[in-house]
Amino acid sequence: MYTEDNQLYIAHCDNGPIYMIGKMANRHGLIAGATGTGKTVTLQVLAETFCQAGVPCFMADMKGDLSGISQAGQMSGFIEKRCPEFGITNPQFHGCPTRFFDVYGEQGHPLRATISDMGPQLMARLLDLNETQTGILNIVFKIADDRGLLLIDMKDLRMMLDYVAKNAREFTTTYGTVSSVSVGAIQRALLALEAEGGEIFFGEPAFNALDFLQTEGGRGVMNVLAADKLMLNPKLYSTFLLWLLSELYTQLPEVGDLELPKLIFFFDEAHMLFKDTSKALVDKIEQVIRLVRSKGVGVYFVTQSPDDIPEAIAGQLGNRVLHGLRAYTPKEQKAVKAAAQTFRTNPSFNTETAILELGTGEALVSFLDEKGAPCVVQRAKILFPLSQIGAITDDQRKSLIRKSRLYGIYDKSFDRESAYELLVEQQKQEEKRLQKEAEEEEKRKAKEAKEKERSRSTSSRSTSTRKKKSAGQKALEKTLNTTASTIGRNLGNSIVRSILGSIFKK
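Definitions and cut-offs
- What you see as residue numbers is a count from 1 along each chain, following the sequence as written.
- Given that the model is predicted, a residue must reach a pLDDT of at least 70 before its local features are reported, and side-chain atom pairs must reach 80 or more before they are shown or counted; all residues, however, enter totals for whole chains, interfaces and linings.
- Heavy atoms from the whole structure form the basis of all side-chain values; hydrogens and water molecules are not counted.
- Under the DSSP-based scheme used, a helix requires at least four consecutive residues in state H or I and a strand at least two consecutive residues in state E, with every element numbered from the N terminus.
- Relative accessibility under 20% of the residue-type maximum defines a buried residue, over 50% an exposed one, and the middle range a partly exposed one, all with a 1.4 Å probe and only protein chains included.
- Whether two residues are in contact is decided by their heavy atoms, any of which lying within 4.5 Å being enough.
- Here, Shrake-Rupley sampling with a 1.4 Å probe gives the accessible areas, and only protein chains in the shown set may cover a residue.
- Lines are fitted to the C-alpha atoms to define the axes, a helix being fitted only along its stretch in contact, and any angle between axes, read from their N-to-C directions, falls within 0 to 180 degrees.
- In this scheme, roughly parallel covers angles under 35 degrees and roughly antiparallel covers those over 145, while 65 to 115 is roughly perpendicular and the rest are oblique.
- Polar here means any residue outside two lists: the nonpolar Ala, Val, Leu, Ile, Met, Phe, Trp, Tyr, Cys and Pro, and the charged Asp, Glu, Lys and Arg; Gly therefore counts as polar.
- Two aromatic rings from Phe, Tyr or Trp, using only the six-membered ring of Trp, form a pair when their centres are within 6.5 Å; if the ring planes differ by under 30 degrees the pair is stacked, by over 60 it is edge-to-face, and anything between is tilted.
- In this scheme, the term charge over a ring applies when either NZ of a lysine or CZ of an arginine sits within 6 Å of the ring centre and within 35 degrees of the ring normal.
- DSSP-based pairing: two strands are paired if at least 2 bridges between them are found.
- The salt bridge definition used is simple: a Lys or Arg side-chain nitrogen within 4 Å of an Asp or Glu carboxyl oxygen.

Undergrad: Please give an account of the overall build of the protein chain that cites residues and values.
TA: From N to C terminus, the protein chain includes 16 helices and 15 strands. Buried residues in the protein chain amount to 46% of all 506 residues. Contacts in the protein chain between residues at least 24 apart in sequence constitute 77% of all its contacts with a sequence separation of at least 6. A total accessible area of about 25800 Å² is found for the protein chain, and carbon and sulfur atoms account for 51% of it.

Undergrad: Can you break down the side chain of Asn6 residue by residue, with the values?
TA: Within the secondary structure, Asn6 is located in the loop between strand E1 (2–3) and strand E2 (7–13). Residue classification places Asn6 among the buried residues on the basis of a relative accessible area of 18%.

Undergrad: Describe the packing of helix H5 (residues 154–166) against helix H7 (residues 180–195), and please don't skip the residues or the numbers.
TA: Helix packing for two helices is described by the angle between their axes and how far apart those axes are. Where H5 meets H7, the closest approach of the two axes is 10 Å, and the angle between their N-to-C directions is 170 degrees. Between H5 and H7, the interaxial angle falls into the category roughly antiparallel. Packed against H5, whose contacting residues are Met154, Leu157, Arg158, Leu161, Asp162 and Ala165, the element H7 presents Val183, Ile186, Gln187, Leu190, Leu193 and Glu194 at the interface. Here the contact of H5 with H7 is composed, by residue class, of eight nonpolar, one polar and three charged.

Undergrad: Give me the packing of aromatic side chains: which residues, what numbers.
TA: In total, this model carries 20 aromatic pairs according to the counting rule given. Aromatic side chains Phe101 and Phe212 sit 5.5 Å apart centroid to centroid with 90 degrees between the ring planes, which places their arrangement in the edge-to-face category. You can see Phe101 sitting in strand E6 (residues 98–102) and its partner Phe212 sitting in the loop between helix H8 (198–201) and strand E8 (215–216), a full 111 residues away along the chain. For the pair Phe101 and Phe212, one class covers both residues: buried. Linked through ring pairs, Phe58, Phe101, Phe207, Phe212, Tyr237, Phe265, Phe267, Phe274, Phe301 and Tyr410 together constitute an aromatic cluster. Directly above the ring of Tyr249 sits Lys295, whose terminal nitrogen or CZ lies 4.4 Å from the centroid. Between Arg397 and the ring centre of Phe100, over which it is positioned, the NZ or CZ distance is 4.6 Å.

Undergrad: Residue-level account of the pairing of strand E14 (residues 362–366), with values.
TA: Here E14 lies mainly inside the structure; five of its five residues are buried. On E14, burial covers both faces: Glu362, Leu364 and Ser366 on one face and Ala363 and Val365 on the other are all buried. Pairing of strand E13 (residues 319–322) with E14 involves three bridges; the strand directions are antiparallel. The residue bridging Arg320 from the neighbouring strand is Ser366, located in E14.

Undergrad: Explain the pattern of salt bridges residue by residue, including any values.
TA: Applying the stated rule across the entire model yields 21 salt bridges. Of the charged contacts, one joins Asp257 and Arg27 as a salt bridge, the two residues approaching to 3.0 Å between their closest N and O atoms. Taken together, the residues span a long stretch of sequence, with Asp257 in the loop between helix H9 (234–251) and strand E11 (263–268) and Arg27 in the loop between strand E3 (16–21) and strand E4 (29–32) at a distance of 230 residues. Note on Asp257: relative accessible area 34%, which makes it partly exposed. Here Asp146 makes a salt bridge to Lys142, at a shortest N to O gap of 3.4 Å. Note that Asp146 and Lys142 are positioned in helix H4 (residues 131–146) at a spacing of four residues, about one turn of the helix. Residue Lys142 is classed as partly exposed on the basis of its relative accessible area of 44%.

Rendered as structure tokens:
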């Protein structure tokens, strides 16, 4: 329940109402507790209180229960009993302006991102790549940027990986070694992601995170993400929410501490964000959480145990609501003790004992005071929601989707020219060039063969002529020799007869 002096009435203890100061709401927060202790109702109470103050919220709906925030609640025996305790005489039940989103586009406006917007670091986490494969993915993104190749959807990234692998020698000197084995591993990871619905998520039109920052009639819009199906792929869920948070950090200007935040971002099942996450990425998350506060965004992690949150990030969560924890094992007992130590001690009760005794709807509450210091922890009862508790019908959801200002903006996808189309065209041009070169080479070889054949034919005729000429010369020489021989003999005989005749005559 919102009051005019920028205070948000969230819970009630023996000492009276417990308020969250609006100016401190962007200092982030934690809602923790075992299953069934009331975390979802607490989230709903916080969200609708921010809504009344004109602050939009984003939240993931794991089971469909949060969709009820769009409808007015109604009196029940439980609420009627609590009203006197909270000093409420006539609760005004109402719904909140709500927009529904769904990565798969089935239960709300589609939420898409481009591969380039996601970036190599988040893509590496999504694909569960090792250090070497992550390095190669960074190279692929860098080459795409340098060559003006847009990476929009998964076919763009697959084509880019194939292009880099085939031209690895060209890129080695400038960008580093590219292993075909690692590229193959990335391609296989992409196929696995595609089978899990990743191909639906990556594309255009890409969602503009600033569309979360809208109001209707002075009330903040509740942006509810249908996450029941998305939760089946925890890595995609947590990486997607981290991308949204990074987009808000990138796009929003610095504003410092405002009287009320620009947006409250509820990160449900937060333990999934940090499970199997590299230290480098945890450091990046810590940086985003620390700096996004100055952009007017408050981030509230919702999880089963406070120790799900890394210490460096938990130290930034000033507003805390802790529901009951279970301590059946030594590890759980240690977690309870650690959780108790995060609160500023209240001398009227033992914090560690209280954590184990809390009933449904009860919690240990500690918000920041006006100076930013944690208040003394209070054992309190969380207010009841003024909106409906539980899921709405499919017809109600469809009606709200059609009435949304965003209806028609993100619902139809399109595919513009990007890396895939450009590389395919480049490949076609290269094939044409190679084909033309091959044809020219074939023509050159045919011409050479023809010239060789002509040369051989000319040489053969010359050889035949030389042979014929040689035979004629030999015949002529033989005839001349025979004639000369005959003439010689006849002349010799004539001379002999002449000489002998003279002698005899004498």
